[in-house]
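Remarks on the overall topology
Here are the chains, one letter per residue:
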Amino acid sequence: MTTANKFLLGVLTSALAAPLPAAEQPDEILKVKKSTFVNLVDLLVQRGVLKQHEGKGLVKAAEDEAAEVESAQKISKDDHPKASGDDAGSKPGKSMHVSYVPEIVKKEIREQVRAELRADVAKDVQAKAKEEKWGIPAALPDWVGRIQPYFDMRLRLADEFYDANNAQAYDWAYINEVGSLHAATAVKHAGRGYLNTRTDRLRLRERFRVGFDAQITDHIKGGFRFATSNMYNPVSNDQTLGNTGQSYQFAIDRSFLQYDFVDGKGRDWFSVYGGRFANPFVSTDVVYDPDLSFEGLASTFRWRFNQSVPAVKNYKASSPTARFGINQGTQTPDTLFATLGVFPIEEVNFSSSDKWMFGGQLGGDWLVFDDQRLTVAASYYDFHNIRARRNPIVITPNSLTTTHAYDWTAPQFIQKGNSLVAINDTGNQPVDCPDADVCRVGLASDFSVFNVTATYDYAGFAPTHMLFTADFAKNLGFNQQRIAREFHDNITPKTNAFQFRVDVGHPEVRHFNDWNLYLAYRYMERDAVLDAFTDSVFHQGGTNAKGWVAGVQYGLARNTWLNLRWFSTGTITGPRYDIDTVNLDLNARF
């Protein structure tokens, strides 16, 4: 029942229940202007509180009673003339006395008011109880209420279709692992030195994750998460089914401490994260795969404004990763924010030249028109000691030999796409590499990636939203002259990447019949971003790819939904390598 209905009923029922003056009849009496009473009854009929015949009965009874009262007043006036000027100035006929309301109408009104009030009170009490955790939790130890478990599971049907005219491609990650191109492509390795480029594949995969967040103090939080994992792939927690009954690998995927500085007014000015934690940057899967966890230390600083404005104060932000492949960050409108982080990538034994990533981001998040949300972020990711270095030749009186001094510059993990150069080849062979061929490769380019991400959430059709996303990345670390000088390879710079995407539907799929559609076009040149960290599904991972992505999410039940995605991709430069991919995911979480 609306507030207006409650008010109208309150007026009527309070009048019906009012105490009777001694001089009045024993019936209940309400004295109001005639027009007000009639309008009141008409309004209650229009809103369905009273039935039409009941409303007419009330008005008819009131008019009859008013006529009787007016007649009685006229007789009394004739017998007793007015003695007061105020009384003489009164205008009869402007009000009526309602001395009778049908009992059935009074009963129905009272019962409806009680029912509506009872429901509202119960709803308020339940909300308060949930917020303050009344009941059993209060009897448990304090630490129990400070731990928040969560869980999610995904079953994936992955179907991959390859063009029959695709060229053959090497699996350089496996070549580095074995030690040479010749060895990796030998018969004894069953062709593992090559990528699959022509044979269609259908796979059933599973991802399982369970974690706990613990509020240690008012400002310090800790958390950890276990996940299925293949241990050696940082951008996928998927476990492929069909391993002859062997158990799955299960690893610690998150383990972190977080400090939040919150002032006396409840404003969180900055957060510091340490350990292995979620992506702290506003970004898309052009740069970082959604499964990627960050290791190191990061901090996000926030300056909030317009927080007392109702639209900002009451804004309910969905999960920052509700749209698959987009991370809108942990801030809420209206906020200016800055995120800084230092992340070790690989520790190198017997060397001070460990591999690192240093990241920084500046951005803003605004409600520009009512609930229309605009987020813009500019980022710079600088990778240190990530490129290959050619092993030096050692000149001795009797021979020329090479060392393993820079073997560590070979990447620990790659997907495909980035330009590669030989750390050792036919002109630079270590003594224990018997093949007149390439023995180990590394990344040709340095990577200093400038990235701009913008999202605009249009809520004019709420609950249906339209989210527009634009993402651009450029690698400023590519040095064509250095590569030619050191490796004698003339590699032209291909260092740009971009994506345009549109999402239409519910901002978050959490309930039955929630839905979301999305369409994106992506273009990623070979050295625009680090291929190790980008999306592992688009073009089956890596860079040097362009194409379309279309998808739909649909809620099957509470916290249970389907995600169907179709990818059509091909290479930008080099040999032909076209792939169509269909992924059907069944997701569940709590």
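Residues numbered from 1 in each chain as written. Predicted model: local features only at pLDDT ≥ 70, side-chain atom pairs only at ≥ 80, totals over all residues. Heavy atoms only, no water.

Some remarks on the overall build of the protein chain
Counting its secondary structure elements, the protein chain contains ten helices and 25 strands. Within the protein chain, the fraction of its 590 residues that count as buried is 41%. By sequence separation, contacts in the protein chain at least 24 residues apart represent 66% of the contacts at least 6 residues apart. Per element, the accessible surface of the protein chain, about 31100 Å² overall, is 58% carbon and sulfur. (Helix = DSSP H or I, 4+ residues; strand = E, 2+ residues; numbered from the N terminus. Buried < 20%, exposed > 50% of the residue type's maximum accessible area, 1.4 Å probe, protein only. Contact = heavy atoms within 4.5 Å. Areas by Shrake-Rupley, 256 points an atom, 1.4 Å probe, with all protein chains shown as cover.)

Here's the deal with the pattern of salt bridges
Per the stated rule, a full pass over the model turns up 29 salt bridges. Put simply, Glu160 and Arg203 hold a salt bridge, and the shortest N to O gap is 2.5 Å. One end of the pair, Glu160, is in strand E3 (residues 147-162); the other, Arg203, is in strand E4 (residues 201-215), and 43 residues separate them in sequence. Glu160 gets classed as buried once you look at its relative accessible area, which sits at 2%. The closest approach of N and O atoms between Arg207 and Asp291, which form a salt bridge, is 2.9 Å. Here Arg207 is found in strand E4, whereas its partner Asp291 is found in the loop between strand E9 (283-284) and strand E10 (294-304), with 84 residues between them in sequence. On the basis of relative accessibility, which here comes to 7%, the residue Asp291 falls in the buried class. (Salt bridge = Lys/Arg side-chain N within 4 Å of Asp/Glu carboxyl O.)

A word on the packing of aromatic side chains
Counted under the stated rule, the structure contains 29 aromatic pairs. Geometrically, the ring pair formed by Tyr170 and Trp172 is edge-to-face, given 5.5 Å between the ring centres and 65 degrees between the ring planes. In this structure Tyr170 comes out as partly exposed when scored by relative accessible area, which is 36%. Exposure remark for Trp172: the relative accessible area of 23% places this residue in the partly exposed category. Note on Tyr406 and Trp408: the rings are 6.5 Å apart at their centroids and 65 degrees apart in plane angle, and the pair reads as edge-to-face. Here the aromatic cluster, defined as three or more aromatic residues joined through ring pairs, consists of Phe151, Phe208, Phe212, Phe224, Phe226, Phe250 and Phe590. Over the aromatic face of Tyr518 sits the side chain of Arg501, whose NZ or CZ is 4.7 Å from the ring centroid. Positioned over the ring face of Phe538 is Arg522, at 4.4 Å from the centre of the ring. (Phe/Tyr/Trp six-rings, centres within 6.5 Å; stacked < 30°, edge-to-face > 60°. Lys NZ or Arg CZ within 6 Å of the ring centre and 35° of its normal.)

Focus on the nonpolar core
Among the nonpolar cores identified, the biggest contains 34 residues, and Tyr288, Phe294, Tyr381, Phe383 and Leu530 are the most heavily contacted of them. Secondary-structure elements contributing two or more residues to this core are strand E8 (268-277), E10, strand E14 (372-384), strand E22 (515-524) and strand E23 (545-557). Contact partners of Leu530, with chain neighbours within four places excluded, come to Phe383, Ile386, Asn418, Leu443 and Phe447. Within the second largest apolar cluster, nine residues are counted, among which are Ala388, Ala410, Phe478 and Ile483. (Core = buried A, V, L, I, M, F, W, Y, C linked by side-chain atoms within 4.5 Å.)

A look at the environment of Arg589
With respect to the helices and strands, Arg589 occurs in strand E25 (residues 579-589). By relative accessible area, Arg589 is classed as partly exposed at 22%. For the pair Arg589 and Phe208, spaced 381 residues apart in sequence, the C-alpha to C-alpha distance is 9.9 Å. In this structure, Arg589 is in contact with Phe151, Asp152, Glu508, Val509, Arg510, Asn559 and Trp561, ignoring residues within four places of it in sequence.

Some remarks on the environment of Pro320
Inspection of the secondary structure puts Pro320 in the loop between helix H9 (310-313) and strand E11 (326-327). Taking the C-alpha atoms as reference points, Pro320 and Val282, 38 residues apart in sequence, are found 8.9 Å from one another. Once residues within four sequence positions are removed from consideration, Pro320 is found in contact with Ile326, Asn327, Gln328 and Gly329.

What about a nonpolar patch on the surface?
There is a patch of nonpolar side chains on the surface, built from Trp143, Val144, Ile147, Phe212 and Phe224 and spanning about 440 Å² of accessible area. Its place among the elements puts Ile147 in strand E3. (Patch = residues over 30% accessible without salt bridge, like charges linked within 9 Å, V, L, I, M, F, W, Y side chains within 5 Å.)

Some points on helix H10 (residues 480-487)
Among all positions in H10, only Arg482, Ile483 and Phe487 are buried. Buried residues along H10 cover an arc of 100 degrees about the axis, so they all sit on one side. Turned more than 90 degrees away from the buried face of H10 sit Gln481 and Arg485, all of them exposed. On the buried face of H10, the contacting elements are strand E17 (420-424). Among the residues of H10, the N-terminal cap falls to Asn479, whose side-chain oxygen and the backbone nitrogen of Gln481 are separated by 3.2 Å. Immediately downstream of H10, the backbone of His488 shows phi near 60 degrees, a positive value. (Arc of directions from axis to C-beta. Polar contact = N/O pair within 3.5 Å; in protein donor to acceptor, adjacent residues only side chain to side chain.)

What to know about the pairing of strand E24 (residues 560-571)
Looking along a regular strand, one sees side chains alternate from face to face of the sheet. Pairing of E23 with E24 involves twelve bridges; the strand directions are antiparallel. Paired with Val552 across the two strands is Leu564, which belongs to E24. (Pairing = 2+ DSSP bridges.)

Some thoughts on the side chain of Asn563
Inspection of the secondary structure puts Asn563 in strand E24. A distance of 2.8 Å separates the side chain of Asn563 from the side chain of Tyr518, its partner in a polar contact. Filtering out sequence-adjacent residues up to four positions away, Asn563 remains in contact with Phe324, Tyr518, Val552, Gln553, Asn583, Leu584, Asp585 and Asn587.

Quick look at the side chain of Thr300
Mapped onto the secondary structure, Thr300 falls in strand E10. The buried category is assigned to Thr300, whose relative accessible area is 2%. Side-chain polar atoms of Thr300 contact the side chain of Tyr273, separated by 3.4 Å. Setting aside residues up to four positions removed in sequence, Thr300 forms contacts with Trp269, Phe270, Ser271, Tyr273, Pro280, Ala338 and Thr339.

Points about the environment of Ser271
Within the fold, Ser271 resides in strand E8. The spatial distance from the C-alpha of Ser271 to the C-alpha of Gln258 is 6.9 Å, given a sequence separation of 13 residues. Among all residues touching Ser271, those that are not within four sequence positions of it are Gln258, Tyr259, Asp260, Ala298, Ser299, Thr300 and Arg302. Within polar-contact distance, the side chain of Ser271 engages the side chain of Arg302 at 3.0 Å.

A word on the confidence of the model for the protein chain
The predicted model of the protein chain averages 84 in pLDDT, with 78% of residues at 70 or higher. Below pLDDT 50 for its whole length, residues 15-28 participates in 19 contacts with residues either more than four positions away or in separate chains. Note that pLDDT drops below 50 for residues 83-90; the model gives that stretch two contacts with residues more than four away or on any other chain. (pLDDT = per-residue confidence, 0-100.)

Digging into the pairing of E25
Two elements, E3 and E25, share eleven bridges in a ladder whose sense is antiparallel. Paired with Ala158 across the two strands is Asn583, which belongs to E25. In terms of strand pairing, E24 meets E25 through ten bridges, oriented antiparallel. Residue pairing in the sheet places Ser568 in a bridge with Asp580 of E25.

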